[in-house]
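Chain by chain, the residues:
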Amino acid sequence: MIRTEEMLLNVGPQHPSTHGVFRLVVKIDGEIITEAKPVIGYLHRGTEKLAENLQYTQIIPYTDRMDYLSAMTNNYVICHAVETMMGIQIPDRAEYLRVLAMELGRIASHLVAWGTYVLDLGATSPFIYAFRDREMIINMLNELSGARLTFNYMRVGGVKWDAPEGWIDRVRDFVPYMREQLKGYHDLVSGNEIFLDRVKGVGRYTKEEALQYSLSGPNLRSTGVKWDLRKDEPYSIYDRFDFDVPTSDEGDCLARYHLRLQEITESLKIVEQAVQQFPAEGEIMAKVPKIIKVPKGEGFVRIESPRGEIGCYIYSDGKKEPYRLKFRRPSFYNLQILPKLLVGENIANLIAILGAVDIVLGEVDG
Amino acid sequence: MIQDLLQSSPGLVNFGIFFLLGVILLLVVLGFVTYGILAERKVMGYMQLRHGPNQLGGRFGLLQTVADVLKLLLKEDVIPKAADRPLFILAPIIAFAPSFMVLATLPFTDKFQFADIGVGLLYYISISGLTVFGMLLGGWASNNKYALLGGMRAAAQMISYEIPLVMSVLGVILLAGSLNLNDIVMQQKHGWFILLQPIGFIVFFIASIAELNRTPFDLPESENELVAGYFVEYAGFRWAFFMLSEYVYVFGMSTLITVIFLGGWLAPFAFLSFIPGAVWFALKFCLVVFVYFWIRSTLPRFRVDKLMEFGWKVLLPIALANIFLTAVIKSLFF
């Protein structure tokens, strides 16, 4: 008696390509996926609940652990929310340090995305090249903040430490170096036939679907929506820089891959200009009260993290802790489209599609 | 020398010598596996800005593989409860025995060849095809979903790529007029077959990577999708058997390419023939092995459906066209 039955396959939580503790329950027919169900929460730490019992400065280290690949943007979003609600003016030098830190962080984050994506597709070497260059950024941010990943660098009203001597020069030297390396990345991977075979036309979705699923970041821009909060709702000092927002109309994995590399180029432009305009001296902290009390009311800010729109909502009843604090975590929202994309694809494409969404599990689980 | 032994009357002395030569070959192969693995790790290390093994056995990590093998020997022998026990035990042996059997017909020099049989090339290809049973059985017997997928992929891939592999050497066979590996080498006195059969060589080389399950054709064990593929449940020395057979095949396939395309032990130019054939053989052999390592550290992996398409729709037609072209040229000019 011959019969066929669907196989239930657990991808993860212990799996090399899920980028953390992420589990996908897929039903497969041969190697074709008929149903996929993401299971999340293995890394849930209840950041939002914990924040309700913490003072605003104490919350900042917790945000480092959300999107641990670009902790600077997370630092910024909580500080920015508090500053907006309190109406604090930030000194220029602090703003420049923040922008430099965030953009370097964005480059580092996209480098990891690039390296691990190509590693997921089976090429081992590019991953190590990406990490070599990321290491230089990490070292620079380490000099700035004293930590390699969980920086805890920004404070309400400014930044914790001033740039050490010669730091600006090192950042300036890094820009041409990184541009040269990017060419090498394209030579090594972007034109490779095997690579193109695996990503071109894979995991395609339309503009409407992207908007319905509330995608953001490169995942949204890959469908042709030109939406980048640095341009469209300029925060900090982003209106002082000249940069483009790369978009693509393809909406497939290859488009997302290219957008991330192009965003590195754009971030390098910002870093270059920020280094040029960097004020020679000045305060790095605004005058803020010793104990930060946000005035009664609610506020929401959103900024552009490497993964998309990261938002912070605060409801304050005038105490030194927030009454309720909520983060809009872009990875979590970007992940929602995954079950839809996976149906009808084969197992090899699963990895390609999941990698192109570029999730960080710390952020998905909160 | 070995041929004389085979033809002489069976006696204890003759048997002893023959046995000893076999042991020598075994040691050579195991030595290759030991240092081939180290070389691969070193080559990949330098290509990836790392050092590779550099702790055990001096600064070049000369004893690293030995230590790894010892570790594997000492590991607990785990057989999953739900596995099909006899098949699970049998699978690594089935995978690994043919890898040593193929070595018999390979001519390393004009003297050092164990079985100079008429259909040497055919023997190699047919015996090496047996290994896929081991992989498939291993994947099936593990009773693991990832292993099953890996085993199925292995079977599909090996069968698909065996056909272009055979078809691509037909051009060489046409030119050499023999299936005997010794004859094929002697036919290359005036020009290696890589020059006369460039298309055949490229097809053969690509198909051979697929046969060896190496990147970019390492789908059966694709780490990022299937974790480890068909041997995901294997541990300790059973796992080592799979690994051993893989590297012995690298040895065998590199030897085969050297023999049929690179002129075996022959010197590239006549005036260089004072250097012994074994040296030439070793040089060419190392070159082929290096290219395998190089490709591994550079390329990403094929997707499984594209792999099939590539094998059937690209490699096979090219190989067939090559046979046709060779036949036409041979009948017109030779």
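A brief report on the enclosed structure follows. (Residues numbered from 1 in each chain as written. Chains lettered and ligands numbered in written order. Predicted model: local features only at pLDDT ≥ 70, side-chain atom pairs only at ≥ 80, totals over all residues.)

1. What to know about the overall build of chain A
Logical step 1: For chain A, the count of helices and strands is 15 helices and eight strands.
Logical step 2: Against the 2.2 N^0.38 benchmark of 21 Å for 366 residues, chain A shows a C-alpha radius of gyration of 21 Å, consistent with a compact globule.
Logical step 3: Every one of the 366 residues in chain A was classed for burial, and the buried ones make up 49%.
Logical step 4: Contacts in chain A between residues at least 24 apart in sequence constitute 70% of all its contacts with a sequence separation of at least 6. (Helix = DSSP H or I, 4+ residues; strand = E, 2+ residues; numbered from the N terminus. Rg over C-alpha atoms; globule rule 2.2 N^0.38 Å. Buried ≥ 20, exposed ≤ 12 C-beta atoms within 10 Å, placed from the backbone. Contact = placed C-beta atoms within 7 Å.)

2. Observations concerning the sheet that holds strand β8 (residues 324-328) of chain A
All names here are of chain A.
Logical step 1: Pairing is antiparallel across the open sheet formed by three strands, whose spatial order is β6-β7-β8. The sheet is open, and its two borders are formed by β6 (297-305) and β8, each paired with just one other strand. This sheet shows a mean twist of 10° between the axes of neighbouring strands, independent of strand direction.
Logical step 2: Pairing geometry for β6 and strand β7 (residues 308-316), over nine bridges, is antiparallel. Pairing of Glu304 across the sheet is with Glu309, part of β7. (Pairing = 2+ DSSP bridges. Axes fitted to C-alpha atoms, helices over the stretch in contact; angles between N-to-C directions.)

3. Regarding the packing of helix α4 (residues 92-120) of chain A against helix α5 (residues 125-145) of chain A
Residues and elements named next belong to chain A.
Logical step 1: Interhelical geometry of α4 versus α5 gives an angle of 160° and a closest axis separation of 9 Å. In terms of orientation, α4 and α5 fall into the roughly antiparallel class. By crossing handedness, the relation of α4 to α5 is classed as left-handed. For the pair formed by α4 and α5, the contact residues are Ala101, Leu104, Gly105, Ile107, Ala108, Leu111, Val112, Trp114, Gly115, Thr116, Val118 and Leu119 on the first element and Pro126, Phe127, Ala130, Phe131, Asp133, Arg134, Ile137, Ile138, Met140, Leu141 and Leu144 on the second.
Logical step 2: Considered class by class, the residues forming the contact of α4 with α5 number 18 nonpolar, three polar and two charged. (Parallel < 35°, antiparallel > 145°, perpendicular 65-115°, else oblique. Left-handed = near helix turned anticlockwise from the far one by under 90°. Nonpolar A, V, L, I, M, F, W, Y, C, P; charged D, E, K, R; others polar.)

4. Let's talk about the pairing of strand β2 (residues 23-29) of chain A
Residue and element names in this part refer to chain A.
Logical step 1: By the alternation rule, side chains of β2 split into Leu24, Val26 and Ile28, which are all buried, and Arg23, Val25, Lys27 and Asp29, of which none is buried.
Logical step 2: As defined by bridge partners, strand β1 (residues 7-11) adjoins β2 across five bridges and the pair is classed as antiparallel. What sits directly across from Leu8, in β2, is Lys27.
Logical step 3: The pairing of β2 with strand β3 (residues 32-39) spans seven bridges and is antiparallel. Bridging from a neighbouring strand, Ile28 pairs with Ile33 of β3.
Logical step 4: Two successive antiparallel strands, β2 and β3, enclose a turn made up of two residues, where Gly30 displays a positive phi of approximately 70°.

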